Amino acid sequence: MTPEEHASAAAALVQAEAAGIQIGLLSLAHPEMTMDDAYAIQNEILSAKIAQGRRIAGWKIGLTSKAMQAALKIDVPDSGILFDNMEFANGSEVPTGRFIQPRVEAEIAFIMRSPVSGQNVTREDVLAAAECVAPVIEILDTRILRADPASGQTRIITDTISDNAANAGFVLGSERHDVDAHDLRWIPAIVFKDGNVEETGLGAGVLNDPVESVCWLARRMACYGQRIEAGQVILSGSFIRPLECPPGTRIHADYGAFGTVDIAFA
């Protein structure tokens, strides 16, 4: 893809978000596009958001589980950008019409004390840079159709990355923990939808260790001249399948001693 095509695709996605109307699969319109093209589109979205007055609040890591990677026929995670208007208070309600097709995932968030960068970032580097960890619900949305109605072709990784890794919002739990207070591989989550248990999982579902997920992000960002900054929130990846959240849905995520997170959709 050309730089002009990157900019055009990004503009279409920004407009789709504002209008609440999905666009067609970029992978159909540009079958030759690569993951580098997709991240270039994401970067154009970043520029557009900054021009609108938004600021970067952090980053999300997706496709960290083997099941989700297999579904998209890839063997690496992806990442997206958190903006300041994406955070919802714990226990709050998402207004009607804010998202197109919202879904949620249960994750562990890292809140950073100092920057992390470089292609040789280690687990020890991440632990030293993190101020604390917390339970978090990520809200997903898609500004690109999940499947093309004519051909039946479904989204692939280049569509997902272009669409800011399907990121739309996040809800931090109230609890904060020192990064070494828990073995994050064994942090559990029981996720209730409208009072019924829908999903359970363990932190180990994220690349066997959520810390390794943050390492991956720092290394990937270094390839594009970026770094994780102090004060940013990092969503390390889901260890449950995404749950659909049509209007009226209430979500409660119970992480045991790690904390709880609640969000509702008007």
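What comes next is a walk through the structure. Note that the structure is a prediction, hence the values are computed from the model and not measured.

### Some thoughts on helix α1 (residues 3-19)
Side chains that are three or four residues apart share a direction in an α-helix, a result of its 3.6 residues per turn. Its 17 residues give α1 an end-to-end C-alpha distance of 24 Å, which sits within 8% of 24 Å, the value for a rise of 1.5 Å per residue. The complete set of buried residues in α1 reads His-6, Ala-9, Ala-10, Leu-13, Val-14 and Ala-16. For α1, the angular spread of the buried residues around the axis is 155°, confining them to a single face. Exposed positions of α1 whose direction lies more than 90 degrees from the buried face are Glu-4 and Ala-18.

### As for the pattern of salt bridges
Applying the stated criterion to the full structure yields 9 salt bridges. With a closest N to O distance of 2.9 Å, Glu-229 and Arg-227 form a salt bridge. For Glu-229, a relative accessible area of 29% gives the class partly exposed. Take Arg-227: its relative accessible area is 38%, and that puts it in the partly exposed class. Here the salt bridges do not stand alone but share partners, grouping Glu-198, Glu-199 and Arg-241 into one network.

### Comments concerning the environment of Val-179
Locating Val-179 in the fold gives a position in the loop between β7 (167-172) and β8 (188-193). Separated by 79 residues in the primary sequence, Val-179 and Ile-100 place their C-alpha atoms 35 Å from one another. Sequence-distant contacts of Val-179, defined by excluding residues within four places in its chain, comprise Leu-127, Ala-130, Cys-132 and Val-133.

### As for the side chain of Asp-148
Structurally, Asp-148 can be placed in the loop between β6 (130-140) and α6 (157-162). Although Asp-148 is buried, it makes no salt bridge; Arg-155 carries the closest opposite charge, 12 Å away. There is a polar contact of 2.8 Å between the side chain of Asp-148 and the side chain of Ser-151. Beyond its immediate stretch of four places on either side in the chain, Asp-148 contacts Leu-25, Leu-28 and Gln-153.

### Some details on the sheet that holds strand β9 (residues 196-202)
Whether parallel or antiparallel, the strands of a sheet pair through hydrogen bonds between backbone atoms. Ordered by their spatial adjacency, 5 strands build an open sheet running β4-β13-β12-β8-β9, and the pairing between neighbours is mixed. Each edge of the sheet is formed by a strand with only one pairing partner; in this case those strands are β4 (93-94) and β9.

### Some details on the packing of aromatic side chains
Inspection of the entire model under this criterion finds 4 aromatic pairs. Note on Tyr-39 and Tyr-224: the rings are 5.3 Å apart at their centroids and 45° apart in plane angle, and the pair reads as tilted. Taken as a pair, Tyr-39 in helix α3 (residues 35-51) and Tyr-224 in the loop between α7 (210-223) and β10 (233-235) lie far apart in primary sequence, 185 residues in all. What makes Tyr-224 partly exposed here is its relative accessible area of 35%. A centroid spacing of 6.5 Å and a plane angle of 90° characterise the contact between Phe-239 and Tyr-255, whose relative ring orientation is edge-to-face. Highlighted residues: Phe-239 in the loop between β10 and β11 (243-244) and Tyr-255 in the loop between β12 (250-254) and β13 (260-265), separated in sequence by 16 residues. On the basis of relative accessible area, Phe-239 is assigned to the buried category, the value being 9%. Three or more aromatic residues link up through ring pairs in this structure, and these residues are Phe-239, Tyr-255 and Phe-258. Here the guanidinium or amino end of Lys-49 rests over the ring plane of Phe-83, the centre of that ring lying 6.0 Å away. Its guanidinium or amino end placed over the ring of Tyr-39, Arg-220 lies 4.2 Å from that ring's centre, counting from NZ or CZ.

Calculation notes
- Residues numbered from 1 in each chain as written.
- Predicted model: local features only at pLDDT ≥ 70, side-chain atom pairs only at ≥ 80, totals over all residues.
- Heavy atoms only, no water.
- Helix = DSSP H or I, 4+ residues; strand = E, 2+ residues; numbered from the N terminus.
- Expected span 1.5 Å × (residues − 1).
- Buried < 20%, exposed > 50% of the residue type's maximum accessible area, 1.4 Å probe, protein only.
- Arc of directions from axis to C-beta.
- Salt bridge = Lys/Arg side-chain N within 4 Å of Asp/Glu carboxyl O.
- Contact = heavy atoms within 4.5 Å.
- Lys, Arg positive; Asp, Glu negative; His and termini not counted.
- Polar contact = N/O pair within 3.5 Å; in protein donor to acceptor, adjacent residues only side chain to side chain.
- Pairing = 2+ DSSP bridges.
- Phe/Tyr/Trp six-rings, centres within 6.5 Å; stacked < 30°, edge-to-face > 60°.
- Lys NZ or Arg CZ within 6 Å of the ring centre and 35° of its normal.

Function cannot be read off these values alone, since they describe shape.
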